[in-house]
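# Structure assessment
Here are the chains, one letter per residue:
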Amino acid sequence: MTATPTPGSKLISPTDHALVLIDFQSQMSFATKSIDAVTLRNNAALISHAAKGFGVPTILTTVAEKSFSGPMFSEITDAFPGQKLIDRTSMNTWEDAAVIDEVNRIGKTRLVFAGLWTSVCIVGPTLSAIDQGFETYVIADACGDVSDEAHERAMDRMIQAGVRPMTSLQYILELQRDWARTETYDFTTGVAKKYGGAYGLGIVYAKTMFGASEGGH
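Now for a look at the structure at hand. Please read these numbers as outputs of a predicted model, since none were measured by experiment.

Rules used throughout
Residues numbered from 1 in each chain as written. Predicted model: local features only at pLDDT ≥ 70, side-chain atom pairs only at ≥ 80, totals over all residues. Heavy atoms only, no water. Phe/Tyr/Trp six-rings, centres within 6.5 Å; stacked < 30°, edge-to-face > 60°. Helix = DSSP H or I, 4+ residues; strand = E, 2+ residues; numbered from the N terminus. Expected span 1.5 Å × (residues − 1). Core = buried A, V, L, I, M, F, W, Y, C linked by side-chain atoms within 4.5 Å. Buried < 20%, exposed > 50% of the residue type's maximum accessible area, 1.4 Å probe, protein only. Contact = heavy atoms within 4.5 Å. Patch = residues over 30% accessible without salt bridge, like charges linked within 9 Å, V, L, I, M, F, W, Y side chains within 5 Å. Areas by Shrake-Rupley, 256 points an atom, 1.4 Å probe, with all protein chains shown as cover. Salt bridge = Lys/Arg side-chain N within 4 Å of Asp/Glu carboxyl O.

### Comments concerning the packing of aromatic side chains
- One pass over the structure, following the stated rule, counts 4 aromatic pairs.
- Ring plane angle 75° and centroid distance 5.6 Å describe the contact between F54 and F187, whose orientation is recorded as edge-to-face. Of this pair, F54 sits in helix α2 (residues 37–54) while F187 sits in helix α9 (residues 182–195), and the two are 133 residues apart along the sequence.

See below:
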């Protein structure tokens, strides 16, 4: 056995997956208790801007937008100006033909999911996608549910079925993965500074006080 300096196949890259953002809507967020609304909106913005900046094909879908659930978070739609939202009646996104048409058009067999609520609108499509042979990831801190118990049991159920969990900051840093990639360095640190919480504050501090950058770049 010989080690080589190459990334593992289970790490995501900008070109090997599609991001599916589900039901980040006002009515859904009102009852979300497992994560506070400010953090949820921030993390939704983080992954949305990361996907847009790295050119990740992204599906935006809502449920009963006009009649019940309200508009998708502006933190997401601002990252994808002019992109059509696919509105559904089904709680399980995977049962909507228009969404599946878009999945097939994009043609990625690795899918990353985030949305509201974890136990319904994320469990449904991830388990359905796995059943059809797709590799699935869930950004756990860009999802929420009506209670901690509901979110945690939903994550447990998905992980047991083969879903791979990750976090919002992990998502963008895994897309970058090497600070020597200068073409996306400024973009990545810029998004992290704006939406990356304490990590972002650290970048601001280092650049302001010492002119420092990650990896010496």
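### Quick look at helix α10 (residues 197–210)
- Compared with the 20 Å implied by 1.5 Å per residue over 14 residues, the 20 Å span of α10 between its first and last C-alpha is a close match.
- Looking at the residues trailing α10, positive phi occurs at G211, about 65°.

### Structural notes on the nonpolar core
- With 57 residues, the main nonpolar core has F24, I76, I139 and Y171 as its most contacted residues.
- The greatest single-element share of this core, amounting to 8 residues, is contributed by α2.
- Setting aside residues up to four positions removed in sequence, I76 forms contacts with L21, F24, A44, S48 and L60.

### A closer look at unusual backbone geometry
- Here the residue pair L116 and W117 is connected by a cis peptide bond, since its omega of -20° sits within 30 degrees of zero.
- Not every positive phi belongs to a glycine, and A64 is a case in point at roughly 45°.
- When you line up the elements, A64 lands in the loop between β2 (58–63) and α3 (65–69).

### A few points about a nonpolar patch on the surface
- A surface patch of nonpolar side chains, about 380 Å² in accessible area, is lined by Y205, M209 and F210.
- Here M209 is to be found in helix α10.

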